[in-house]
Amino acid sequence: MSDRSTPGSGPPRRGDRPGAPTRLALVGAGRFGRFILDVTRNVPQVAPVVVADIASEQGARLAADAGCRATTVEEALVAADVDAVVIATPPHTHAELAQAALRAGKDVFCEKPLAATPGEAAQTRALAESLDRVVVVDHVMRYNPLLRAIQTVQHHLGLEPVRFLFENDAADESLPRDHWFWDEASSGGIFVEHGVHFFDAATMFVTEPATSVTAVSTSRQGWPSPDLVTATVTHGDCLATHTHSFTHAHRCERQLMRIDYGSAEARIAGWIPVEAVLDLHVDPAGESAVRALVASPELAGLGRGLDGWHVGVQADDVAGDAEAMGRGRHFGASRRLTVTLSLGGEAAKQTVYAACVAAALRDLHGCRTEPGRQPLSGPRTAEAAVVVADCATRAAALRRAVAVPTAPRPRPLVDHLSAKETL
Ligand SMILES: NC(=O)c1ccc[n+]([C@@H]2O[C@H](COP(=O)([O-])OP(=O)(O)OC[C@H]3O[C@@H](n4cnc5c(N)ncnc54)[C@H](O)[C@@H]3O)[C@@H](O)[C@H]2O)c1
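What you see is a predicted model; the values in this text were computed from it and never measured.

A. Seen up close, the overall build of the chain. Within the chain one finds 13 helices and 18 strands. Here the C-alpha atoms of the chain give a radius of gyration of 21 Å, agreeing with the 22 Å that 2.2 N^0.38 yields for 423 residues. Taken along the three principal axes of its C-alpha coordinates, the chain extends 70 × 55 × 40 Å. By the burial criterion, 49% of the 423 residues in the chain qualify as buried. Excluding contacts between residues fewer than 6 apart, the proportion of contacts in the chain whose partners are at least 24 apart in sequence is 73%.

Structure representation (structure tokens):
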């Protein structure tokens with residue numbers, strides 16, 4: 001299933017401007033809106049022309065810094081010299097703004113989450129599909145070369161995750177008590193505001209859809225909403241556990257994504273993944289397949305725009321039987337491989353972050369201009385993440401498991417691998 005149901009049948013994307021960049025209106029001139037505009041400086045495929053913010057002075061300041069026109073939010077959504085609207089406002093405003101932009105004939109680059117509720121996410125996705133407009137949702141992890149490299153190895157070796165785990169000890173130093181992040185009516189709560197990144201990332205690896213969620217949340221005394229949450233999502237016979245703790249100093253932040261395949265394990269460090277290790281037990285044919293992949297242009301090309309991109313393989317013989325068994329499945333395991341993948345480590349985090357946003361912006365432009373092209377992070381996968389996040393929020397409040405309603409199926413793994421957008 002694709003991420004747009006009727007590709008190529010809607011209004012022309014480039015109109016009478018072939019070869020021209022996609023002209024952007026930014027709505028939301030806050031921290032991340034400013035970052036997006038900084039990123040656009042290195043993305044010739046897009047050109048910001050308009051900035052708007054409900055706090056008009058803030059909008060005007062960023063517009064002046066970026067050499068754009070400052071305008072009202074209403075005007076930005078319909079401006080004749082704008083092709084696509086970038087939405088970088090708090091989550092509860094995303095659906096209304098995105099839908100207004102779509103109705104005005106604009107394509108949309110929406111910050112995550114696609115919406116604060118599943119109902120609004122479904123409406124936005126359905127509207128984009130009925131109007132055949134492009135919606136890219138800025139789930140930056142979809143564009144990260146490390147994750148895509150691990151997807152590639154998983155796919156070629158036929159590995160299936162038994163467990164997915166994300167441990168997120170995040171900073172709250174820049175989140176004072178009165179920040180909208182802590183107001184669940186504005187943010188949707190931690191699972192919706194931040195968790196969607198990882199509910200979505202899990203589906204890059206776990207192909208079975210989510211069926212049920214259990215969750216627990218807690219908080220420091222007197223705090224307006226939970227600051228420590230954990231959810232376990234059942235995907236067929238795979239369990240995915242997501243823990244988010246917004247309780248740390250910036251310098252004490254730690255994140256680990258772990259994908260356990262039984263015979264193999266991926267450990268990925270950083271909330272913006274910058275380093276990963278794949279530990280694989282394989283037979284000689286598996287070793288050859290991995291070595292061929294590591295040397296292939298497919299894998300090498302994933303991070304070609306980043307100086308720090310490096311993939312290495314180390315192999316050892318394993319003493320004992322050439323076969324092993326786990327969960328009732330036999331596999332050849334005479335060789336142990338360690339594949340290390342790096343984007344330059346912690347020091348490269350901001351560069352990698354910017355490169356992933358740049359790739360998402362190029363994806364927007366590519367989908368607008370290349371007939372039939374689908375976004376790597378579109379409204380279907382983004383809606384599915386909001387649906388699971390909402391179940392997690394309810395499961396924590398109700399203190400019982402919540403069944404996940406059927407959302408439109410994300411695209412199969414193989415589609416992600418063949419997607420064009422690389423760094
Ligand atoms: N993809 C990522 O990695 C990533 C990282 C950080 C933030 N985000 C997302 O970006 C969005 C913005 O976050 P932020 O940290 O920049 O917040 P922020 O508070 O710094 O900025 C939000 C801006 O939106 C403006 N605003 C609020 N309601 C508005 C409305 N109805 N119309 C126009 N402007 C309005 C505010 O005045 C403010 O300037 C959030 O959805 C957040 O989840 C994404």
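Now that the structure has been shown, the text picks up again.
B. Main features of the site of the ligand. The ligand sits among 22 residues. The nearest are Gly28, Gly30, Arg31, Phe32 and Glu111. Ranked by residues supplied to the shell around the ligand, first place goes to helix α1 (residues 31-40) with three residues. Residues of the shell around the ligand, tallied by class, amount to ten nonpolar, six polar and six charged.

C. The arrangement of the sheet that holds strand β5 (residues 107-110) in detail. Spatially, the six strands line up as an open sheet ordered β3-β2-β1-β4-β5-β6, and their pairing is parallel. The open sheet has two edge strands, β3 (69-70) and β6 (135-137), and neither has a second partner. Taken together, the three bridges between β5 and β6 define a ladder with parallel strand orientation. Across the sheet, Val108 pairs through a bridge with Val135, a residue of β6.

D. Broad picture of the pairing of strand β12 (residues 264-269). Here β12 shows one buried face, formed by Ala264, Ala266 and Ile268, and one open face, formed by Glu265, Arg267 and Ala269. Inspection of the sheet shows strand β11 (residues 254-260) paired to β12 by five bridges, in the antiparallel sense. Residue Asp260 lies in a different strand from β12, and its bridge partner there is Glu265. Joining the antiparallel neighbours β11 and β12 is a turn of three residues, in which Gly262 adopts a positive phi near 80°. Pairing of β12 with strand β13 (residues 275-282), which is carried by six bridges, proceeds in the antiparallel orientation. Directly across from Arg267, in β13, lies its bridge partner Val277. Between β12 and β13, which pair antiparallel in sequence order, lie five residues; one of them, Gly270, sits at a positive phi of approximately 100°.

E. Seen up close, the nonpolar core. If you look at the biggest cluster of nonpolar residues, it comprises 124 residues, and the most contacted ones within it are Ala25, Val85, Val213 and Val388. Sort the elements by how many residues they give to this core and helix α12 (residues 379-398) lands first, with eleven residues. When sequence neighbours within four positions are dropped, the list of residues in contact with Val213 reads Ala231, Val233, Val388, Cys391, Ala392, Ala395, Ala401, Val402 and Val404.

F. Quick look at helix α4 (residues 94-103). For α4, the set of buried residues is His94, Ala95, Leu97, Ala98, Ala101 and Leu102. For α4, the elements touching its buried residues are β1 (22-27), α3 (73-78), β4 (84-87), β5, α5 (118-131) and β6. Gly105 occupies a position one or two residues after α4 and carries a positive phi of about 85°.

G. Spatial organisation of the sheet that holds strand β17 (residues 335-342). Within the open sheet, the ten strands sit side by side as β14-β17-β13-β12-β11-β7-β10-β9-β8-β18. Their pairing is mixed. In this open sheet, the two strands that pair with only one neighbour each are β14 (310-317) and β18 (402-403). The sheet contact formed by strand β7 (residues 163-171) and β11 spans seven bridges and is antiparallel. In the sheet register, Phe164 faces β11, and the bridge partner there is Ile259. Against the sheet, helix α6 (residues 145-157) contacts β12, β13, β14 and β17, and its axis sits at roughly 10° relative to β13. Against the sheet, α12 engages β8 (212-218), β9 (228-235) and β18, with an angle of about 60° to β8.

Conventions and cut-offs
- Residues numbered from 1 in each chain as written.
- Predicted model: local features only at pLDDT ≥ 70, side-chain atom pairs only at ≥ 80, totals over all residues.
- Helix = DSSP H or I, 4+ residues; strand = E, 2+ residues; numbered from the N terminus.
- Rg over C-alpha atoms; globule rule 2.2 N^0.38 Å.
- Buried ≥ 20, exposed ≤ 12 C-beta atoms within 10 Å, placed from the backbone.
- Contact = placed C-beta atoms within 7 Å.
- Near = placed C-beta within 6 Å.
- Nonpolar A, V, L, I, M, F, W, Y, C, P; charged D, E, K, R; others polar.
- Pairing = 2+ DSSP bridges.
- Core = buried A, V, L, I, M, F, W, Y, C linked by C-beta atoms within 7 Å.
- Axes fitted to C-alpha atoms, helices over the stretch in contact; angles between N-to-C directions.

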